[in-house]
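Structural features, examined
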Amino acid sequence: MNREHGPEIYRKHGTQPMLTDEQTVTSFAVTYIMHKLKANSMESSEDLVTVVYQMAFQHGPDPVGLRHYARLIDWGMTPIEFMREIGASEEFQVTRKNLLAGKNWDRLAFSGAEIIMPLKDGVRLCAPAKNQLLFQELLNLGGIRRSHIIETIKEYLYEGNTFIDVGTSVGYFTILASQIVGSNGRVLSFEPFPENFRYLQENIRLNDLKNVKAFQNGLWDSNIKRGILETAPNIARIVEGNDVEMITLDSINVRPDMVKMHIEGSEVFALRGMARTLEKYKPIVLLKFNPVSIVVAGGTITDFWKQLEGYKVYKIPGKELLKSFAQLRRICPDHTVVNLLALP
């Protein structure tokens, strides 16, 4: 089977083919299908046609269609040309709506599909299809997510700054911060969950982020080993165990201008481990307050507030100044979550 097709469409990542030229993709739904193609395991053009049909239409090709497209591929039709023809079909327009509506997410996740999606400003994000909420938010908001956090980062982070991304996940905010701080700035990204760290590294490579340094560590109040548990797609929390190395930010020689934390209730421990850094350099801190997650992680909500002494704490969006712990609890009782901005 001939797979020479002009611009590079696939690169190998483990056993997963990954899209590298977003300009050749005509729709997000086609991106799903492209990732289903396992170029190195295709034995024939018939295999390629069958896989595309099953993913695009949820059924195999009829004998006439199979022979037709297999012959065209053997005669030189490239995979992207084949995909464009499928994408232009009337049947696919119906299937595409189902894909974009999220009706086939389980099927995509089960197949192990990985997606590279274009973001704002010419960058891209690679993540597994199982991360449905991530991709649906990016689709709904035109390539951005958590707009209030993005707006806050853009307001307070400048070129040449140092940004600390704690609980990086697959690297969305790392990519954003890398663009803002530029070549004279730095981004330090901490992600202990192995799958997330792999995607973080991939996104650094994919976007050629030369100002980013990634650490496969969690931040804690001491340098110890802990366990890690995935609680939702690409979301994990720290538990008892010895799976990952935890370190303190105070143990790293860094002068941060902004620290962003999203670590599923472990904020209390990370804040303790950066107490000297906060006291000395007074970086801006962006973090989430989730009372239940803090308790589950073994911390206390009063200690969370105590660690932010010396800072003015605001609720975002809205930038409402929180003058006391009691006020924080009024707006964020148990089983609710609020994002906070702490300014020195």
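In this report, we go over the structure that sits alongside the text. (Residues numbered from 1 in each chain as written. Predicted model: local features only at pLDDT ≥ 70, side-chain atom pairs only at ≥ 80, totals over all residues. Heavy atoms only, no water.)

**Focus on unusual backbone geometry**
Negative phi is the rule for most residues except glycine; trans is the rule for most peptide bonds. A cis amide bond links isoleucine 316 with the next residue in sequence, proline 317, at an omega value of 0 degrees. Inspection of the secondary structure assignment puts proline 317 in the loop between β13 (312–316) and β14 (320–322). The phi dihedral of lysine 282 falls on the positive side, at around 50 degrees, and the residue is not glycine. In this fold, lysine 282 is placed in the loop between α12 (275–281) and β12 (284–289). With a phi angle near 50 degrees, lysine 319 is a residue other than glycine that sits in the positive phi range. Positionally, lysine 319 belongs in the loop between β13 and β14. (Helix = DSSP H or I, 4+ residues; strand = E, 2+ residues; numbered from the N terminus.)

**A closer look at the sheet that holds strand β11 (residues 258–261)**
Pairing in this open sheet of eight strands is mixed, and the strands run β7-β6-β5-β11-β12-β15-β13-β14 from one edge to the other. A single partner strand is all that each edge strand has here, and the edge strands are β7 (212–215) and β14. Going across the sheet, the axis of each strand differs from the next one's by a mean of 20 degrees, ignoring polarity. By the bridge criterion, four bridges tie strand β5 (residues 162–166) to β11 in an arrangement that is parallel. In the sheet register, aspartate 165 faces β11, and the bridge partner there is lysine 260. Strands β5, β11, β12, β13 and β15 (338–343) of the sheet are contacted by helix α8 (residues 147–156), whose axis makes an angle of about 10 degrees with β15. Those strands touched by helix α9 (residues 172–181) are β5, β6 (186–190), β7 and β11, and its axis lies near 165 degrees from that of β6. (Pairing = 2+ DSSP bridges. Axes fitted to C-alpha atoms, helices over the stretch in contact; angles between N-to-C directions. Contact = heavy atoms within 4.5 Å.)

**As for the pattern of salt bridges**
Taken as a whole and judged by the stated rule, the model has ten salt bridges. Across the pair lysine 225 and glutamate 245 runs a salt bridge whose closest N-O atoms are separated by 3.9 Å. Note that lysine 225 is positioned in strand β9 (residues 224–232) and glutamate 245 in strand β10 (residues 235–247), a separation of 20 residues in sequence. Among the residues examined, lysine 225 registers a relative accessible area of 47% and is labelled partly exposed. Since its relative accessible area comes to 40%, glutamate 245 is described here as partly exposed. Linking glutamate 264 and lysine 288 is a salt bridge whose minimum nitrogen-to-oxygen distance equals 3.8 Å. Placement of the pair is glutamate 264 in the loop between β11 and α11 (267–272) and lysine 288 in strand β12, with a sequence separation of 24 residues. A relative accessible area of 13% places lysine 288 in the buried class. Among the ionic contacts, a cluster of salt bridges with common partners joins Asp221, Arg272 and Asp303. (Salt bridge = Lys/Arg side-chain N within 4 Å of Asp/Glu carboxyl O. Buried < 20%, exposed > 50% of the residue type's maximum accessible area, 1.4 Å probe, protein only.)

**Thoughts on the packing of aromatic side chains**
With the rule as written, the count across this model stands at six aromatic pairs. Ring plane angle 5 degrees and centroid distance 4.2 Å describe the contact between tryptophan 220 and phenylalanine 269, whose orientation is recorded as stacked. With tryptophan 220 in the loop between β8 (218–219) and β9 and phenylalanine 269 in helix α11, the pair connects residues that are 49 residues apart, well separated along the chain. Both residues of the pair, tryptophan 220 and phenylalanine 269, belong to the buried class. If you follow arginine 198 out to its NZ or CZ, it ends over the ring of tyrosine 199, 4.5 Å from the centre. (Phe/Tyr/Trp six-rings, centres within 6.5 Å; stacked < 30°, edge-to-face > 60°. Lys NZ or Arg CZ within 6 Å of the ring centre and 35° of its normal.)

**A short note on the environment of threonine 95**
Relative to the assigned elements, threonine 95 resides in helix α5 (residues 90–100). Taking the C-alpha atoms as reference, threonine 95 lies 6.2 Å from phenylalanine 57; in sequence the two are 38 residues apart.

**Looking at the pairing of β15**
Burial analysis of β15 places five of its six residues in the buried class, which makes it a mostly covered element. Bridging between β13 and β15 involves five bridges; their strand directions are antiparallel. Opposite valine 313, over in β15, you have alanine 342 as the bridge partner.

**Details of α8**
Within α8, the full set of buried residues consists of Ile149, Ile150, Thr152, Ile153 and Tyr156. Seen along its axis, α8 keeps its buried residues to an arc of 160 degrees; they face one direction. The inward-facing, buried residues of α8 abut β5, α9, β11, β12, β13 and β15. (Arc of directions from axis to C-beta.)

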